Amino acid sequence: MARQWALLNMLPPAPQRITAGELADRLASDYPITKRSVERDLQALSAVFPLECDERERPFGWSWQRDAKAFSLPGMSAIQAVVLLTARGHLRDLLPLHQWRELEPLFQQAERTLAKGLGRSATARWDARVARVDATQPLIPPRIDDQVLLAVHQALYAGQQLQVDYLARGRAQARVHVLHPLGIVLRGPITYLVARIDGKPARSMLALHRIAAAVRLDAEADSGDAAALETALPQVAAGFERHGRIALSLWVDAALGQHLGEAALAVDQVLAPDAATGGFHLHADVEDTSQLRWWLMGLGPAVQVLAPAALADALRLQHLRSALQGLSPDAAAQLVAAACSDGVPG
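Here the structure is a predicted model, which means the values were calculated and not measured.

(A) Expanded view of helix H10 (residues 290–299). Of the positions making up H10, those classed as buried are Ser290, Leu292 and Leu296. Looking down the long axis of H10, one finds its buried residues gathered within 155 degrees of arc, a one-sided arrangement. The exposed set on the far side of H10, more than 90 degrees from its buried face, consists of Trp294 and Gly298. Between the side-chain oxygen of the N-cap and the backbone nitrogen of leucine 292 there are 3.0 Å, and the N-cap of H10 in question is threonine 289. Looking one or two residues beyond H10, the residue adopting positive phi is glycine 300, at roughly 60 degrees.

(B) Broad picture of the packing of helix H2 (residues 20–27) against helix H3 (residues 35–45). Where H2 meets H3, the closest approach of the two axes is 8 Å, and the angle between their N-to-C directions is 110 degrees. Taken together, the axes of H2 and H3 are roughly perpendicular relative to one another. Facing H2, whose interface residues are Ala20, Gly21, Leu23, Ala24 and Leu27, H3 presents Lys35, Val38, Glu39 and Leu42. Residue composition of the contact of H2 with H3, grouped by class: six nonpolar, one polar and two charged.

(C) Quick peek at the packing of aromatic side chains. Evaluated as defined, the whole model comprises one aromatic pair. An angle of 85 degrees between the planes, with centres 6.1 Å apart, marks the rings of phenylalanine 49 and tryptophan 64 as edge-to-face. Of this pair, phenylalanine 49 sits in the loop between H3 and strand S2 (51–54) while tryptophan 64 sits in strand S3 (residues 61–64); the two residues are 15 residues apart in sequence, bridging distant segments of the chain. Using a relative accessible area of 23% as the deciding quantity, one classes phenylalanine 49 as partly exposed. Look at tryptophan 64 and you get buried, because its relative accessible area is 8%. We note arginine 88 situated over the ring of phenylalanine 107; from NZ or CZ to the ring centre the distance is 5.8 Å.

(D) Seen up close, the sheet that holds strand S1 (residues 18–19). As summarised here, the arrangement of the three strands in space is S1-S3-S2, forming an open sheet in which the pairing is antiparallel. Of all the strands in the sheet, just S1 and S2 have a single pairing partner and so form its edges. With four bridges joining them, S2 and S3 adopt antiparallel strand pairing. Across the sheet, the residue bridging to cysteine 53 is tryptophan 62, located in S3.

(E) Fine view of the environment of proline 15. Of note, proline 15 is situated in the loop between helix H1 (2–10) and S1. For proline 15 and serine 63, which are 48 residues apart along the polypeptide, the C-alpha to C-alpha distance reads 7.6 Å.

(F) Region of interest: unusual backbone geometry. The omega angle of the peptide bond from arginine 58 to proline 59 is -5 degrees, so this bond is cis rather than trans. Inspection of the secondary structure puts proline 59 in the loop between S2 and S3. The residue after alanine 307, namely proline 308, is reached through a cis peptide bond having omega 0 degrees.

(G) Summary view of the pattern of salt bridges. Counted according to the given criterion, the structure contains nine salt bridges. Of the charged contacts in the structure, one is a salt bridge between arginine 293 and aspartate 288, with a shortest N-O distance of 2.8 Å. Residue arginine 293 is classed as partly exposed on the basis of its relative accessible area of 21%. Notably, a salt bridge pairs aspartate 313 with arginine 316, separated by 2.5 Å at the nearest N-O pair. Residue aspartate 313 and its partner arginine 316 are located together in helix H11 (residues 309–324), separated by three residues, close to a single helical turn. Accessibility expressed as a relative area gives 22% for aspartate 313, which makes it partly exposed. Given a relative accessible area of 32%, arginine 316 falls into the partly exposed group. Three or more residues joined by partner-sharing salt bridges are found here, namely Arg17, Asp54 and Arg56.

(H) How the structure looks around the sheet that holds strand S7 (residues 203–207). Sheet architecture is open: five strands sit in the order S7-S6-S5-S4-S8, paired in antiparallel fashion. Unpaired on one side and paired on the other, S7 and strand S8 (211–220) mark the two borders of the sheet. The mean inter-strand angle of the sheet, taken between neighbouring strand axes irrespective of direction, is 45 degrees. With eight bridges connecting them, strand S5 (residues 175–187) and strand S6 (residues 190–197) associate as antiparallel partners. Considered in S6, the bridge of isoleucine 184 is made with leucine 193.

Rules and cut-offs
- Residues numbered from 1 in each chain as written.
- Predicted model: local features only at pLDDT ≥ 70, side-chain atom pairs only at ≥ 80, totals over all residues.
- Heavy atoms only, no water.
- Buried < 20%, exposed > 50% of the residue type's maximum accessible area, 1.4 Å probe, protein only.
- Helix = DSSP H or I, 4+ residues; strand = E, 2+ residues; numbered from the N terminus.
- Arc of directions from axis to C-beta.
- Polar contact = N/O pair within 3.5 Å; in protein donor to acceptor, adjacent residues only side chain to side chain.
- Axes fitted to C-alpha atoms, helices over the stretch in contact; angles between N-to-C directions.
- Parallel < 35°, antiparallel > 145°, perpendicular 65-115°, else oblique.
- Contact = heavy atoms within 4.5 Å.
- Nonpolar A, V, L, I, M, F, W, Y, C, P; charged D, E, K, R; others polar.
- Phe/Tyr/Trp six-rings, centres within 6.5 Å; stacked < 30°, edge-to-face > 60°.
- Lys NZ or Arg CZ within 6 Å of the ring centre and 35° of its normal.
- Pairing = 2+ DSSP bridges.
- Salt bridge = Lys/Arg side-chain N within 4 Å of Asp/Glu carboxyl O.

The values are spatial; any link to function lies outside them.
In C-alpha cells, the structure reads:
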C-alpha cells in the first residue's frame with residue numbers, strides 16, 4: 001500500500017506524462033520493483049483514481065487526468081488553503097490560461113478545505129475580503145501552445161537542447177533554431193525563454209507565445225551556470241533598452257509627490273516640497289530604460305523632467321510627435337514653432 005501511495009504522488013497532471021520504466025527507477029531506492037509490477041499497479045489504481053494512459057507513442061505515459069482533483073498526503077491545512085486563495089487573486093491576470101488551468105485543482109482543494117472546516121460560505125467571504133488593484137493598465141496574456149510550454153519545461157528540467165520554430169516580431173515566416181535553454185522570465189503578461197541559440201555566444205530572449213512548435217532534443221544543453229539567469233533579468237526588466245544610469249531630477253505635482261513619498265523611485269530618492277507650485281522636486285539615481293520613459297510619458301502634466309537634458313529633450317520630442325498626429329499642416333507648423341521656442345530641438 002505504501003508503494004502505491006508513493007506511486008500516485010509521482011504521477012504528473014496531464015498533459016505531462018511519465019512512463020512505467022521511469023516510475024520503477026524512481027521507486028527503486030525505497031521499493032525495489034520491476035517495470036511490469038508498476039504497470040500492474042497503475043492498471044489497478046486507474047480503476048479507483050482518475051488516471052489516464054497516453055498510448056499514442058511508446059513507451060506509454062501515465063498521468064492524472066487534467067480535471068482530476070488535487071491529490072496530496074497529508075491533506076491541506078486551513079492556513080495553506082487561505083494562502084492559496086489569496087494568491088489566486090494575484091495570479092489570475094499574470095498567468096496565461098494554460099498555466100492557470102494547472103493550478104485549478106489546488107484552488108478547488110483549498111475551497112473544499114475551508115468549506116469542510118469553516119462552512120461552505122467561508123470561501124465566498126474570504127474572496128470578498130481580499131481585493132487587488134493593478135498599478136498599471138491590465139493586459140490579457142497571449143496564448144502559449146500547451147505542447148510548446150511542456151517541451152520548454154521538460155528541456156529546462158532535463159538540461160537538454162530544444163528545437164523551436166520561432167516567429168520573431170515583424171517577420172512573416174518562422175525560423176528554426178536549436179536552443180540551449182537557460183530559464184524562464186515573466187515580465188507582466190509576457191513569458192520569455194532565456195536561451196542561447198546554438199552557434200551564437202550571446203543569450204536571446206524568446207517570447208513563448210511566438211514559438212509555433214518546440215521539440216526537446218536528446219542532447220545536453222550548454223547554458224552556463226545558474227547565476228547566468230540573474231544577469232539577464234535587468235535586460236528584461238528594462239524593456240530590452242538600457243541607456244545607463246542617470247541622475248534624474250523631476251518636478252512632480254502634489255498627488256504624484258505624495259505617492260512617490262510612500263513608494264520611492266530609488267533607495268537614494270530625495271523628495272523636497274516646492275512652495276511656489278505646491279508640488280515637489282525629486283532627485284534619484286536610476287537606470288535610464290525604456291520602462292522608465294514609458295512611465296514618465298504616461299504621467300503627462302503631472303511630471304516634468306528637469307535633468308538630464310538629453311532625457312528631457314527626448315520626452316518632449318515624443319510628446320510633440322504624438323501631438324502632431326492628425327493636425328493640419330498649418331496647425332502642425334504652429335505647434336512645432338511654439339515647441340522650438342520652448343527649447344525643443346528641431
